[in-house]
Amino acid sequence: MPTSRAWSPGRASLASECVDPTAPEGRRIPGGWGPLMVEFVVFAISAAIVLGGALGVIGFRNPVHNALSLIATLFGVAVLFIAQEAYFLAAVQIIVYAGAIVVLFLFVIMLVGVDRLERLDADTLKGQQVAAAVVGGAVAVLSVLVLFAGKAGAPRRAGRTRSPGERT
């Protein structure tokens, strides 16, 4: 019986079918931590890091904490790339995104100086919120109209394209 790491729908369970590659053929490790179980644990931990970091990006009020949560998310995605044996993508994920883009984000955050409190209750342009709501609603309505008009206005039969030297 060949030992296969792939899961198929005919199998009952991943954890119950761990095969010892050094043992005689067909011998199973009861409740053992085979390669499939380790991959599942790595996936579960890195998925939790990705989801926790993503929730931190949108949940924290401090922009520095948001950027650090983004770093955690990017590292979790890099671990998922490594689990899929996409080592180059994992290296690019860490070097380019976590190393360069997030450092740029932090530089801009520190340069702008978002640590100072600003008065948000003072409306600099009177009626700005109402105008933004009207424009947003108009864009939404026009988007729906264009979506439905595109289906109704489409030609039933597309014409044949002629070559430059072809006669009509």
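Because the structure is a prediction, the values reported are computed rather than measured.

**So, the nonpolar core**
- Within the largest apolar cluster, five residues are counted, these being Ala 67, Ile 71, Leu 74, Ala 98 and Val 102.
- Sorting the residues of this core by element identifies α2 (63-83) and α3 (87-112) as the ones contributing at least two each.
- Sequence-distant contacts of Leu 74, that is, excluding residues within four places in its chain, are made with Gln 93, Tyr 97, Ala 98 and Val 102.

**Notes on the packing of α2 against α3**
- Put simply, α2 and α3 touch, their axes get as near as 8 Å, and they point 175 degrees apart. One way to sum up the angle between α2 and α3 is to call them roughly antiparallel. Contacts from Pro 63, Val 64, Ala 67, Leu 70, Ile 71, Leu 74, Phe 75, Val 77, Ala 78, Phe 81 and Ile 82 of α2 reach α3 at Tyr 87, Leu 89, Ala 90, Gln 93, Ile 94, Tyr 97, Ala 98, Val 102, Phe 105, Leu 106, Ile 109 and Met 110.
- Looking at the contact of α2 with α3 residue by residue, the classes come out as 22 nonpolar, one polar and no charged.

**Describing the side chain of Thr 73**
- As for its position among the elements, Thr 73 is in helix α2.
- Overall, the relative accessible area of 13% leaves Thr 73 in the buried class.
- A polar side-chain atom of Thr 73 sits 3.5 Å from the main-chain carbonyl oxygen of Gly 53.

**Quick look at the confidence of the model for the chain**
- Of all residues in the chain, 65% attain a pLDDT of 70 or more, and the chain-wide mean is 77.
- The model gives residues 6-17 a pLDDT under 50, and that stretch makes ten contacts with residues more than four places away or in other chains.

**Examining α3**
- For α3, which comprises 26 residues, the first-to-last C-alpha distance of 36 Å matches the rise-based estimate of 38 Å (1.5 Å per residue) to within 8%.
- Of all bends in α3, the biggest is about 25 degrees, found at Tyr 97.
- In the core, the buried residues of α3 are packed alongside α2.
- Looking one or two residues past α3, Gly 113 carries a phi angle of roughly 75 degrees, positive in sign.

Rules behind the numbers
The written sequence of each chain sets the order in which its residues are numbered from 1. With the structure being a predicted model, the display of local features is reserved for residues of pLDDT at least 70 and the display and counting of side-chain atom pairs for 80 or more, all residues being used for whole-chain, interface and lining totals. The basis for every side-chain value is the complete set of non-hydrogen atoms in the structure, without hydrogens or water. We define the nonpolar core as a collection of buried residues of types Ala, Val, Leu, Ile, Met, Phe, Trp, Tyr and Cys that are connected through side-chain atoms lying within 4.5 Å of one another. Per-residue accessibility, obtained with a 1.4 Å probe over protein chains only, is compared with the maximum for each type, and a residue is labelled buried under 20%, exposed over 50%, and partly exposed between these values. Numbering of helices and strands runs from the N terminus; a helix is a DSSP stretch of H or I covering at least four residues, while a strand is a stretch of E covering at least two. By definition, residues are in contact when any of their heavy atoms lie within 4.5 Å. In this description, a line fitted to the C-alpha atoms serves as the axis of each element, helices being fitted only across the stretch in contact, and the angle between N-to-C directions of two axes falls anywhere from 0 to 180 degrees. To sort the angles, those under 35 degrees are grouped as roughly parallel, those over 145 as roughly antiparallel, those from 65 to 115 as roughly perpendicular, and the leftovers as oblique. Three residue categories are used. Nonpolar comprises Ala, Val, Leu, Ile, Met, Phe, Trp, Tyr, Cys and Pro, charged comprises Asp, Glu, Lys and Arg, and polar comprises the others, including Gly. Polar contact is the term for a pair of N or O atoms within 3.5 Å; when the atoms are in protein, one must be able to donate a hydrogen and the other to accept it, and sequence-neighboring residues count only if both atoms are side-chain atoms. Confidence scores labelled pLDDT are given residue by residue by the predictor and lie between 0 and 100. Each helix should span, by expectation, one fewer than its residue count multiplied by 1.5 Å. Fitting axes to the seven residues that end at a residue and to the seven that start at it, the angle between those axes gives the bend at that residue.

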